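Each chain, written out:
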Amino acid sequence: MNETMIDRPARSEAASPLQIDLARRILERIKDSGWTVGTRVSVPDLARTFGVSRSPVSAALELLVAQGILSPFETRGLQLARDVADLDPEDILPSSPLEELYRRMMRERALGQLPQEVSEAELMPRYQVSRGIVRKLLLRFAAEGLVQRLPGHGWRFADTLVGEDAYRESYEFRMAVECAALRSPMFNAGPQQLAPVRRAHERILAIVSTGKTLIGGDEWFRINASFHEGLAACSGNRFLADAVRQQNNLRRLQESAGFEELPAERIEQSCREHLAILDAVEAGEIEWAEALLRQHLRQASEFASPQQRSI
């Protein structure tokens with residue numbers, strides 16, 4: 001892989017890696033939300049959802065138009081043009097070389113092939129890219145709380161969840177933080193806030209029930225993380241929400257090497273437990289939801305292997 005390959009846009013001369021990634025995330029959002037053909041697309045809503053300006057959203061939507069996922073509305077704007085329930089985003093919008101290198105670095109760090117402390121000068125020949133590309137990737141890891149800059153050109157990856165003690169401490173922390181989020185006096189989960197999370201879980205259950213299709217590890221991690229982060233976000237407390245997001249990032253960093261090992265029955269069990277918690281939250285039974293969440297995390301901490309705890 002070289003810098004030319006990384007900077008080469010995919011499927012469109014004007015498409016950047018950011019736009020491709022954003023288009024994939026929008027497509028995943030459409031799937032999780034259960035949109036039907038004809039549903040109108042709101043650029044402002046998507047910009048708020050993903051925390052970006054309208055310009056990259058509009059560019060990402062054009063990629064989806066080019067793939068036949070969206071089409072112009074009769075008057076103005078865009079609408080969903082086809083059923084996307086069974087679409088794999090990877091088939092429609094393959095990962096950019098930059099995204100592939102990001103995942104490779106994460107996987108190698110999880111396997112211990114990439115040391116905890118690295119320098120830009122060491123990474124450039126290792127991945128055959130320029131300092132600018134290396135720095136761009138490290139800054140992305142830094143934004144996710146997975147690496148911090150050292151004096152000079154050095155960088156240090158965050159301590160990962162290696163070993164039983166680290167996993168136990170992580171789950172103890174998660175139980176404290178996620179249950180505290182449910183007890184927050186500002187907690188508010190309206191019907192629409194968690195609806196996409198519920199629909200995503202129901203879709204996964206429907207797939208698992210057929211026994212014919214495997215769920216990709218990346219897809220399940222994303223849906224699983226959206227559940228835990230979604231509940232924390234309803235707390236109205238940004239620090240609780242950030243803490244849950246950071247734990248998910250640490251889990252993704254460590255588990256990226258073995259996430260495909262999750263058995264279908266474990267995913268199904270986790271889905272049903274998540275839905276039971278959502279049922280309690282939507283019924284206003286917060287104490288029961290907290291009890292279910294605590295039990296859910298406790299069982300995960302006792303599960304067979306670190307890779308299979310990811311629920």
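Residues numbered from 1 in each chain as written. Predicted model: local features only at pLDDT ≥ 70, side-chain atom pairs only at ≥ 80, totals over all residues. Heavy atoms only, no water.

### Comments concerning the pairing of strand β6 (residues 154-157)
- Strand direction decides the pairing type here: strand β4 (residues 117-119) and β6, joined by three bridges, are antiparallel. Its bridge partner being in β6, S119 is matched across the sheet by G154.
- Pairing between strand β5 (residues 147-149) and β6: three bridges, direction antiparallel. In the sheet register, V147 faces β6, and the bridge partner there is F157. (Pairing = 2+ DSSP bridges. Helix = DSSP H or I, 4+ residues; strand = E, 2+ residues; numbered from the N terminus.)

### Observations concerning the packing of aromatic side chains
- Counted by the stated rule, this structure contains two aromatic pairs.
- For the ring pair F141 and F157, a centre distance of 5.6 Å and an interplane angle of 75° mean the geometry is edge-to-face. Note that F141 is positioned in helix α8 (residues 131-143) and F157 in strand β6, a separation of 16 residues in sequence.
- Overall, the relative accessible area of 1% leaves F157 in the buried class.
- Through a chain of ring-to-ring contacts, three or more aromatic side chains come together here, namely Y102, F141 and F157.
- Sitting over the ring of Y102, R140 keeps its end group 3.6 Å from the ring centre. (Phe/Tyr/Trp six-rings, centres within 6.5 Å; stacked < 30°, edge-to-face > 60°. Buried < 20%, exposed > 50% of the residue type's maximum accessible area, 1.4 Å probe, protein only. Lys NZ or Arg CZ within 6 Å of the ring centre and 35° of its normal.)

### Concerning the packing of helix α3 (residues 43-50) against helix α4 (residues 54-66)
- One way to put it is that α3 packs onto α4 with a least axis distance of 9 Å and a crossing angle of 110°. Judged by the inter-axis angle, α3 sits roughly perpendicular to α4. Considering how the two elements wind past one another, α3 and α4 form a crossing that is right-handed. Where α3 abuts α4, its residues V43, P44, L46 and A47 lie against R54, V57, S58 and L61.
- Among the residues making up the contact of α3 with α4, the classes are represented as six nonpolar, one polar and one charged. (Axes fitted to C-alpha atoms, helices over the stretch in contact; angles between N-to-C directions. Parallel < 35°, antiparallel > 145°, perpendicular 65-115°, else oblique. Left-handed = near helix turned anticlockwise from the far one by under 90°. Contact = heavy atoms within 4.5 Å. Nonpolar A, V, L, I, M, F, W, Y, C, P; charged D, E, K, R; others polar.)

### Thoughts on the pattern of salt bridges
- Applying the stated rule across the entire model yields 16 salt bridges.
- E108 is the salt-bridge partner of R104, the closest N and O atoms lying 2.9 Å from each other. One end of the pair, R104, and the other, E108, are both in helix α6 (residues 97-110), four residues apart, so they sit about a helical turn from each other.
- Judged by its relative accessible area of 11%, E108 is buried. (Salt bridge = Lys/Arg side-chain N within 4 Å of Asp/Glu carboxyl O.)

### Some words on the sheet that holds β6
- Within the open sheet, the three strands sit side by side as β4-β6-β5. Their pairing is antiparallel. Two strands close off the open sheet at either side, each with one partner strand: β4 and β5. Each adjacent strand pair in this sheet contributes to an overall mean axis angle of 30°, direction not counted.
- Strand contacts of helix α7 (residues 120-127): β4, β5 and β6, with the helix running at about 75° to β4, the strand carrying the most contacts.

Limitation: the analysis is restricted to geometry and does not speak to function.
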